[in-house]
Amino acid sequence: MININSFNDLSWLPLIHAPLDLAAVLLLALGIKGLGKVRSARAANRLAALALAIAVLGLLLQQGLQGWPWLLAGAVAGSLLGVLVAQKAAMTAMPQLVALFNGCGGMASLLVALAAAALPTQTGLLALVSIVVSVLVGGITFSGSLVAMAKLQEWLQTPAWMLQPARHWVNGLTAASALALGWWVCSGHSIALLPLALLSLLLGVGLTLPIGGADMPVVISLLNSYSGVAAAAAGFVVGSELLIVAGAMVGTAGLILTQVMCNAMNRSLTSVLFGGALGGASATSADQGEYSGVTSCSPEECAMTLEQAQRVVFVPGYGLAVAQAQHSLKEVAQLLERHGVEVSYAIHPVAGRMPGHMNVLLAEADVPYDQLIEMEAINPDFPRTDVVIVLGANDVVNPQARTDASSPLFGMPVLHVEEAATVFVVKRSLGAGYAGIRNSLFECPNTSMIFGDAKQVLNGLAQELRELGVGKTTKDLAKVA
Ligand code: NAP
């Protein structure tokens, strides 16, 4: 019988952890679902954070508030660090940040499993297998994520010897030794856990280091999935249903995202994992050959064409994020809309450097969500578009992906911008994009390059449009008169 009248009797506390766990799981599931849409993403993120706070509270109550100062101190320190790092990280460094967070998740699972292994209760086969999986996958996730982060941050390059085919044998041997040690742990020799942890860390480095920079975001998504698997295994270790469910959700979501990214980049997961430093490094000199017949123009000439347009599509890419030109873009779009032009934005699934990069960037400038049109939906509309302005995008608008079977990009779904009446490409040079290959769009007869930083060009364009009277309200015009 629960005596709720007595403040000293806290024996009822563990009983309410189950409903709290259930609430946390439901909120987490709703949060993950909400992240699928730009409109609900912010609220979904808060919902998921609330779910985690409830989960921590549930754990505290389950333990009858035992050791609460430690848990609270850990939660506060972790939250403070998270807020600091997230606020400092640039938008373009988001994949690195995600990699770092994944790595922390992997290391947490590894440490939980190692600590649990020291308890005398962890002797059953399920407990031992869970400990082994947690240590193995957690270790691979931790070191692999750190390597991925360092490579994306350009702190680390793939050494030439790492690209030798022999690396597959070395990795295979390391994996086989780790599995053998895991087997040994399961047969009651917990002494093998530390060498297992060491081998799993080595394996994470060996598997991730040879992978090229262009494929790294896919690897990060896969490591995110691994961190979920490691957390689920840690859930079995500590007997937490919540951790099992949350880990399984993260593991599945990461796997689905990995598949979506592979499809959008026209890469198979096997070629990403075992293909070595593809992407930028795969481009041959023929892919980067000289351009001929390229025309360029000024923002002024572009403004004059826009003045006559009825339908304009902007194509944002990585360069727009680098230039942080989203607010300047919104200004140009608003001027055109006030002039009666139909404006939309073509969103390629892998434009930028992380899934949803362009959606997030444009949301920062409060671009209306309904103007963001996905690739499949907008491609049929390009032939009836008067002007396309490509802003710091390159690979995602490369027609060679459709026309040149010898191109490394061949087969990757791209935006068919060349089908519009006029195309302006805003970038600083004729330099290649992430895939490191030339772009035949620049040579199309209906394409004009506008060389310069995206922000400066867009600011110049807004100025020219204003001088032409584009976007002026009746009040503005009355003032001029
Ligand atoms: P991109 O092909 O990487 O091209 C970006 C272009 O931006 C460059 O050619 C660069 O040209 C230009 N640029 C850089 N700074 C600029 C500035 N300040 N102002 C104007 N232009 C600037 O970009 P993308 O078309 O967005 O394609 C994304 C690529 O990343 C794809 O190859 C995709 O497969 C890969 N990728 C994406 C993801 C993802 O999740 N989104 C994941 C993995 C890989 P200049 O130097 O001449 O200015």
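Residues numbered from 1 in each chain as written. Predicted model: local features only at pLDDT ≥ 70, side-chain atom pairs only at ≥ 80, totals over all residues. Heavy atoms only, no water.

(A) Looking closely at a nonpolar patch on the surface. Side chains of Leu-65, Trp-68, Leu-72, Val-76 and Leu-80 sit close together on the surface and give an oily, nonpolar patch of about 470 Å² of accessible area. For Leu-72, the location among the structural elements is in helix α3 (residues 68–88). (Patch = residues over 30% accessible without salt bridge, like charges linked within 9 Å, V, L, I, M, F, W, Y side chains within 5 Å. Areas by Shrake-Rupley, 256 points an atom, 1.4 Å probe, with all protein chains shown as cover. Salt bridge = Lys/Arg side-chain N within 4 Å of Asp/Glu carboxyl O. Helix = DSSP H or I, 4+ residues; strand = E, 2+ residues; numbered from the N terminus.)

(B) Molecular detail of the layout of surface pockets. Space inside the second largest pocket adds up to approximately 910 Å³. Along the walls of the second largest pocket sit 42 residues, with Arg-353, Asp-395, Gly-433, Tyr-434 and Ala-435 positioned nearest its centre. Among the elements of the structure, α12 (318–323) and β5 (422–427) are those that each provide at least two residues to the lining of the second largest pocket. The biggest single contributor to the lining of the second largest pocket is α12, with four residues. Split into classes, the residues belonging to the lining of the second largest pocket amount to 23 nonpolar, twelve polar and seven charged. (1 Å grid on protein atoms, 1.4 Å probe; cavity = no way out; pocket = protein on both sides within 12 Å on 5 of 7 lines; lining within 4 Å. Points joined across faces, edges and corners; volume = space filled by probe spheres on them. Nonpolar A, V, L, I, M, F, W, Y, C, P; charged D, E, K, R; others polar.)

(C) Spotlight on helix α8 (residues 216–238). Between its terminal C-alpha atoms α8 stretches 32 Å, which fits the 33 Å expected from 23 residues at 1.5 Å a residue. With its phi angle positive at about 70 degrees, Gly-239 sits one or two positions after the end of α8. (Expected span 1.5 Å × (residues − 1).)

(D) Up close: the sheet that holds strand β1 (residues 311–316). Reading across the sheet, the six strands line up as β3-β2-β1-β4-β5-β6 and stay open at both edges, with parallel pairing between neighbours. Taken across any chain shown, the strands that pair with only one partner, and hence form the sheet edges, are β3 (372–374) and β6 (447–451). Strand-to-strand twist of the sheet, defined as the mean angle between neighbouring strand axes without regard to direction, takes the value 25 degrees. Relative to strand β4 (residues 387–391), β1 runs parallel, the two sharing five bridges. Residue pairing for β4: Val-315 is matched across the bridge by Val-390. (Pairing = 2+ DSSP bridges. Axes fitted to C-alpha atoms, helices over the stretch in contact; angles between N-to-C directions.)

(E) Layout of helix α6 (residues 166–186). For α6, with 21 residues, the first-to-last C-alpha span of 30 Å sits near the 30 Å given by 1.5 Å per residue. Those residues of α6 not exposed but buried are Arg-167, Asn-171, Thr-174, Ala-178, Leu-181, Gly-182, Val-185 and Cys-186. Buried residues of α6 fall within an arc of 140 degrees about the axis and therefore sit on the same side. Exposed positions of α6 whose direction lies more than 90 degrees from the buried face are Trp-169, Leu-173, Leu-179 and Trp-183. As for α6, its buried residues are in contact with α5 (125–152), α7 (193–208) and α10 (269–274). Positioned one or two residues after α6, Gly-188 has a phi angle of 100 degrees, which is positive. (Buried < 20%, exposed > 50% of the residue type's maximum accessible area, 1.4 Å probe, protein only. Arc of directions from axis to C-beta. Contact = heavy atoms within 4.5 Å.)

(F) Region of interest: the site of the ligand. Taken together, the neighbourhood of the ligand is formed by 30 residues, with Asn-394, Asp-395, Arg-428, Ser-429 and Asp-453 sitting nearest. One of the backbone nitrogen or oxygen atoms of Gly-319 is found 3.4 Å away from an oxygen atom of the ligand. At 2.8 Å from an oxygen atom of the ligand is found a side-chain nitrogen or oxygen belonging to Arg-428. Coverage of the ligand by the protein amounts to 95% of the 920 Å² it exposes when considered alone. Assessed atom by atom at 2 Å from the grid points, the ligand resides in the second largest pocket. Among the elements that line the shell around the ligand, the one with the most residues is α12, at four residues. Its residues assigned to classes, the shell around the ligand shows 16 nonpolar, nine polar and five charged. (Near = heavy atom within 4 Å. Polar contact = N/O pair within 3.5 Å; in protein donor to acceptor, adjacent residues only side chain to side chain. Sits in = over half its atoms within 2 Å of the grid points.)

(G) Main features of the packing of aromatic side chains. Within the structure shown, the criterion is met by two aromatic pairs. With a centroid separation of 5.5 Å and 40 degrees between ring planes, the pair formed by Tyr-291 and Phe-442 is classed as tilted. You can see Tyr-291 sitting in the loop between α10 and α11 (299–308) and its partner Phe-442 sitting in the loop between β5 and β6, a full 151 residues away along the chain. Pair check on accessibility: Tyr-291 and Phe-442 agree, each one buried. Over the aromatic face of Tyr-318 sits the side chain of Arg-353, whose NZ or CZ is 3.7 Å from the ring centroid. Across from the ring centre of Tyr-291, 4.7 Å away, lies the NZ or CZ of Arg-438, which sits over that ring. (Phe/Tyr/Trp six-rings, centres within 6.5 Å; stacked < 30°, edge-to-face > 60°. Lys NZ or Arg CZ within 6 Å of the ring centre and 35° of its normal.)

(H) Representation of the side chain of Ser-344. Among the structural elements, Ser-344 can be located in strand β2 (residues 342–347). The class for Ser-344 is buried, based on a relative accessible area of 6%. The contact partners of Ser-344, leaving out residues within four places of it in the chain, are Arg-311, Val-312, Val-313, Phe-314, Gln-371, Ile-373 and Ile-378.

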